[in-house]
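Architecture at a glance
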Amino acid sequence: MGFADQRFTVNLSILFTELPLLERPAAAAAAGFTAVELWWPWVDSPTPGQSALDALRKAIEGAGVRLTGLNFYAGRLPGPDRGALSVPGEESEKFRANIDVAAGFARSLGCTALNALYGNRVEGADPAEQDALALENLALAAGAAGRIGAVLLIETLNQPESPRYPLVTAETGIGVVDQVNEATGLGNARFLMDLYHLSMNGEDLPSVIERYAAKTGHVQIADNPGRGAPGTGSLPLEDLLDQLKKAGYDGWTGLEYKPGERPSAEAFDWLPREARAAR
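The following refers to the structure shown. (Residues numbered from 1 in each chain as written. Predicted model: local features only at pLDDT ≥ 70, side-chain atom pairs only at ≥ 80, totals over all residues. Heavy atoms only, no water.)

One can describe the packing of helix H7 (residues 205-212) onto helix H8 (residues 237-246) by two numbers: an axis separation of 9 Å at closest approach and a directional angle of 15°. Relative to H8, the element H7 lies roughly parallel. Where H7 crosses over H8, the two elements pack in a sense that is right-handed. Every residue of H8 that contacts H7 at Leu205, Pro206, Ile209 and Glu210 is listed here: Leu240, Gln243 and Leu244. For the contact of H7 with H8, the residue count by class is five nonpolar, one polar and one charged. (Axes fitted to C-alpha atoms, helices over the stretch in contact; angles between N-to-C directions. Helix = DSSP H or I, 4+ residues; strand = E, 2+ residues; numbered from the N terminus. Parallel < 35°, antiparallel > 145°, perpendicular 65-115°, else oblique. Left-handed = near helix turned anticlockwise from the far one by under 90°. Contact = heavy atoms within 4.5 Å. Nonpolar A, V, L, I, M, F, W, Y, C, P; charged D, E, K, R; others polar.)

Shown next, in the form of structure tokens:
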């Protein structure tokens, strides 16, 4: 087994960011990859014009890569925000306005995974009311995902880098997954297991995999410390991905790491070129 037996997808919101958005799919293809994923690319707009959506769709199709994952609108990301769906007022409304737009864009490219970042705790807001709002919005998102045959992903982040984000353990993330599935009856909510974030929280990664692989819909990786490419830190990522595969996970693994000071195209030397194309 090992890295060569995994299915990798490149996150174009953290890699190849030295290039304009519309040039990144082709750059990933030139590096040997056939699958990409994205955070919501239009940070200031949950409902961009059709021309912007069409241009990105054509860039992805023209590069010959597959879009495997897309975030719903999440506020200023990268930046101070960590999602919008639990934030009362305007941000929650933006999330709702984005649901059908994001789902429609995903459907146009055959993308079957939509990630809904929970959002930060807001000073002066009742956490219980934020959680109720989150469940309501996640149920709407799960419905939209279900209509296009997609899963809804719930992601755990890490406390040091996201101190106001409430989902900072695998257990809390899984708890929200279960709540959404119970509320909707659709069964299409899944855990996004980001091994970097979980390691930053000090979790026992082999134990997390053993307990939650069956509820995992997507995996993302970066090494720790540093959030760099595999091999730049101390995480046994190859072994962990092997364990996930043995536990029955057969989905995509998103490369969501920082390239460092070098161009992104040079940040894949840990993975032989012949292992980059999805199988």
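Still to come is the rest of the account.
Now for empty space enclosed by the protein. Taken as a whole, this structure holds one cavity of 30 Å³ or more when the rule is applied. Lining the largest cavity are 14 residues; nearest its centre among them are Glu37, Gly69, Asn71, Asn115 and Gln220. Of all the secondary-structure elements, those providing two or more residues to the lining of the largest cavity are strand S2 (35-38), strand S3 (66-71), strand S4 (113-115) and strand S7 (216-221). Among the elements that make up the lining of the largest cavity, the one with the highest residue count is S3 (three residues). Here the residues of the lining of the largest cavity sort into six nonpolar, six polar and two charged. (1 Å grid on protein atoms, 1.4 Å probe; cavity = no way out; pocket = protein on both sides within 12 Å on 5 of 7 lines; lining within 4 Å. Points joined across faces, edges and corners; volume = space filled by probe spheres on them.)

Core analysis: the biggest nonpolar cluster contains 87 residues, and Met193, Leu255 and Phe268 have the highest contact counts within it. Sequence-distant contacts of Phe268, that is, excluding residues within four places in its chain, are made with Val10, Leu15, Phe16, Ala31, Phe33, Leu255, Tyr257 and Arg276. (Core = buried A, V, L, I, M, F, W, Y, C linked by side-chain atoms within 4.5 Å. Buried < 20%, exposed > 50% of the residue type's maximum accessible area, 1.4 Å probe, protein only.)

Structural measurements only, silent on function.
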